[in-house]
Amino acid sequence: MNDTSRDRTEQQLREALGALACNVHATPDAYRLARGDWLRRERRRRLVLTALITVVFALAILIGLWVLNQNPSGPGVVFHHTHGQLGPGRDGTAAFDLIGPL
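Description of the structure in this document. (Residues numbered from 1 in each chain as written. Predicted model: local features only at pLDDT ≥ 70, side-chain atom pairs only at ≥ 80, totals over all residues. Heavy atoms only, no water.)

This part is about the overall build of the protein. Per the secondary structure count, the protein includes 2 helices and 0 strands. For the protein, the residues scored as buried account for 3% of the 102 residues in total. Split by element, the accessible area of the protein, about 9,800 Å² in all, is 65% carbon and sulfur. (Helix = DSSP H or I, 4+ residues; strand = E, 2+ residues; numbered from the N terminus. Buried < 20%, exposed > 50% of the residue type's maximum accessible area, 1.4 Å probe, protein only. Areas by Shrake-Rupley, 256 points an atom, 1.4 Å probe, with all protein chains shown as cover.)

This next bit is on a nonpolar patch on the surface. Judged by side-chain polarity, Val-55, Leu-59, Leu-62, Ile-63, Trp-66 and Val-67 come together as a nonpolar surface patch covering roughly 630 Å² of accessible area. Along the polypeptide, Val-67 turns up in helix α2 (residues 30-69). (Patch = residues over 30% accessible without salt bridge, like charges linked within 9 Å, V, L, I, M, F, W, Y side chains within 5 Å. Salt bridge = Lys/Arg side-chain N within 4 Å of Asp/Glu carboxyl O.)

All right, on to the pattern of salt bridges then. Considering all chains together, one arrives at 6 salt bridges under this definition. A salt bridge links Arg-32 to Asp-29, with the shortest nitrogen-to-oxygen separation between them at 3.2 Å. Classification of Asp-29 by relative accessible area gives partly exposed; the value is 29%.

A few words now on the side chain of Glu-42. The topology assignment puts Glu-42 in helix α2. Taking the relative accessible area as the measure of exposure, Glu-42 reaches 18% and is therefore buried. A polar contact of 2.6 Å, which involves the side chain of Glu-42, links it to the side chain of Arg-45. (Polar contact = N/O pair within 3.5 Å; in protein donor to acceptor, adjacent residues only side chain to side chain.)

Laid out in structure tokens, this is it:
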């Protein structure tokens, strides 16, 4: 394909598109309507994103509180040899049987 046929094809396309573009007329408020539509979609997107983040955050907090509220199935790590009571014993001495032998 030589330069003259390429130039001719380009010229024909330019004329065809120019003729087509002459028939297209935008309404005077087309930009305002398109911008309003875009702003509505942007607000909706932000609202949905905010709601989704709030729901995920609330679920994470609720699951964390539920897990922390569960009773341990075995003895605890810190209080695993509790033979005595906390604080001073009956004889006035403090009971230090919380951790067990070290």
